[in-house]
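Structural overview
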Amino acid sequence: MRAVRSGDTKPEIAVRKLLHRLGYRFRLRQANLPGKPDIVLPRHKLVVFVHGCFWHRHNCKRATIPKTRTDFWETKLSANAARDARVLEALQELGWRSVVIWECETRDHDLIAARIAAALTSAIS
């Protein structure tokens with residue numbers, strides 16, 4: 001568990017490089033926002049979360065439950081997913097748009113660029 005990093009992970013750095021290459025300027029992990037988003041584009045009122053598939057319960061092959069202590073892991077990972085939902089709702093109430101990019105999607109730069117563009121053009125509800 002000591003080796004698990006909360007920031008500057010390879011998927012996060014890949015997304016940051018892509019955003020920078022697309023011309024977006026951003027801040028990192030702003031603590032004054034709910035959930036301390038990985039990437040914040042204050043000018044566009046957009047936050048980007050780069051979630052690890054295992055830790056945040058994505059629906060892919062990387063999100064398997066370990067064979068040992070399954071009760072612990074089910075509880076832990078379910079709590080993570082519930083917290084993520086609360087954070088996204090709180091950000092929306094504050095008027096922020098949010099995009100979640102999964103670890104397994106970070107190699108598809110076209111998909112990430114399309115998601116960011118769609119979030120920027122969508123109206124805040």
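Because the structure is predicted, anything quoted here is derived from the model rather than measured.

Conventions we followed
Residues numbered from 1 in each chain as written. Predicted model: local features only at pLDDT ≥ 70, side-chain atom pairs only at ≥ 80, totals over all residues. Heavy atoms only, no water. Helix = DSSP H or I, 4+ residues; strand = E, 2+ residues; numbered from the N terminus. Rg over C-alpha atoms; globule rule 2.2 N^0.38 Å. Buried < 20%, exposed > 50% of the residue type's maximum accessible area, 1.4 Å probe, protein only. Lys, Arg positive; Asp, Glu negative; His and termini not counted. Charge placed at Lys NZ, Arg CZ, Asp CG, Glu CD. Axes fitted to C-alpha atoms, helices over the stretch in contact; angles between N-to-C directions. Parallel < 35°, antiparallel > 145°, perpendicular 65-115°, else oblique. Left-handed = near helix turned anticlockwise from the far one by under 90°. Contact = heavy atoms within 4.5 Å. Phe/Tyr/Trp six-rings, centres within 6.5 Å; stacked < 30°, edge-to-face > 60°. Lys NZ or Arg CZ within 6 Å of the ring centre and 35° of its normal. Expected span 1.5 Å × (residues − 1). Arc of directions from axis to C-beta. Core = buried A, V, L, I, M, F, W, Y, C linked by side-chain atoms within 4.5 Å. Pairing = 2+ DSSP bridges. Right-handed = clockwise from strand over helix to strand, strands pointing away.

**Things to note about the overall build of the protein chain**
When you go through the protein chain residue by residue, the secondary structure sums to three helices and four strands. Reading the protein chain from its N end, one meets helices and strands in the order α-β-β-β-α-β-α. Relative to a compact globule of 125 residues, whose C-alpha radius of gyration would be 14 Å, the protein chain shows 15 Å and is just as compact. Residues classed as buried in the protein chain amount to 35% of the 125 residues present. Taking the average place of the 23 positive charges on the side chains of the protein chain and the average place of its 12 negative ones, the gap between the two points comes to 6 Å.

**Some words on the packing of helix 1 (residues 10–21) against helix 3 (residues 109–121)**
Across the interface, helix 1 lies against helix 3 with an axial gap of 11 Å and an inter-helix angle of 65 degrees. Taken together, helix 1 and helix 3 sit at an angle that is classed as roughly perpendicular. Note on packing geometry: the crossing formed by helix 1 with helix 3 is right-handed. Contacts between helix 1 and helix 3 involve Val 15, Leu 18, Leu 19 and Arg 21 on the former and, on the latter, His 109, Ile 112, Ala 113 and Ile 116.

**Some thoughts on the packing of aromatic side chains**
Under the defined criterion, the tally for this structure stands at four aromatic pairs. On the basis of an interplanar angle of 75 degrees and a centroid distance of 5.1 Å, the ring pair of Phe 72 and Trp 73 is categorised as edge-to-face. Exposure remark for Trp 73: the relative accessible area of 13% places this residue in the buried category. The ring of Phe 72 has Arg 69 sitting right over it, with the charged end atom 4.3 Å from the ring centre.

**Here we look at helix 3**
In this model helix 3 runs 18 Å from its N-terminal to its C-terminal C-alpha over 13 residues, within 8% of the 18 Å that 1.5 Å per residue would give. Those residues of helix 3 that sit buried are Ile 112, Ile 116, Ala 119 and Leu 120. For helix 3, the angular spread of the buried residues around the axis is 100 degrees, confining them to a single face. In helix 3, the exposed residues that point more than 90 degrees away from the buried face are Asp 110 and Thr 121.

**Some points on the nonpolar core**
With 15 residues, the main nonpolar core has Val 15, Ile 39, Leu 46, Val 48 and Ile 116 as its most contacted residues. Listing elements by their share of this core, those giving two or more residues are helix 1, strand 2 (39–41), strand 3 (46–51), strand 4 (97–102) and helix 3. Setting aside residues no more than four positions away along its own chain, Leu 46 makes contact with Ile 39, Val 40, Leu 41, Trp 96, Arg 97, Ser 98, Val 99, Ile 116, Ala 119 and Leu 120. Ranked by size, the runner-up nonpolar core spans seven residues in total, among them Leu 33, Val 40, Val 87 and Leu 91.

**Quick notes on the pairing of strand 4**
In this structure, strand 3 lies alongside strand 4, joined through six bridges in parallel fashion. By the bridge assignment, Val 47 is partnered in strand 4 with Ser 98. Following the chain from strand 3 across helix 2 (residues 70–93) to the adjacent parallel strand 4, one finds a crossover that is right-handed.

**Some details on the sheet that holds strand 1 (residues 27–28)**
The strands making up a sheet associate through hydrogen bonds between their backbones, and the pairing can be parallel or antiparallel. Spatial ordering of the open sheet is given by 1-2-3-4, a layout of four strands whose pairing is mixed. The strands lining the two open edges of the sheet, one partner per strand, are strand 1 and strand 4. Running at roughly 145 degrees to strand 3, helix 1 makes contact with strand 1, strand 2, strand 3 and strand 4 of the sheet. Across the sheet, helix 2 lies against strand 3 and strand 4, angled at about 170 degrees from strand 3, the strand it touches most.

Just geometry here; none of it tells us what the structure is for.
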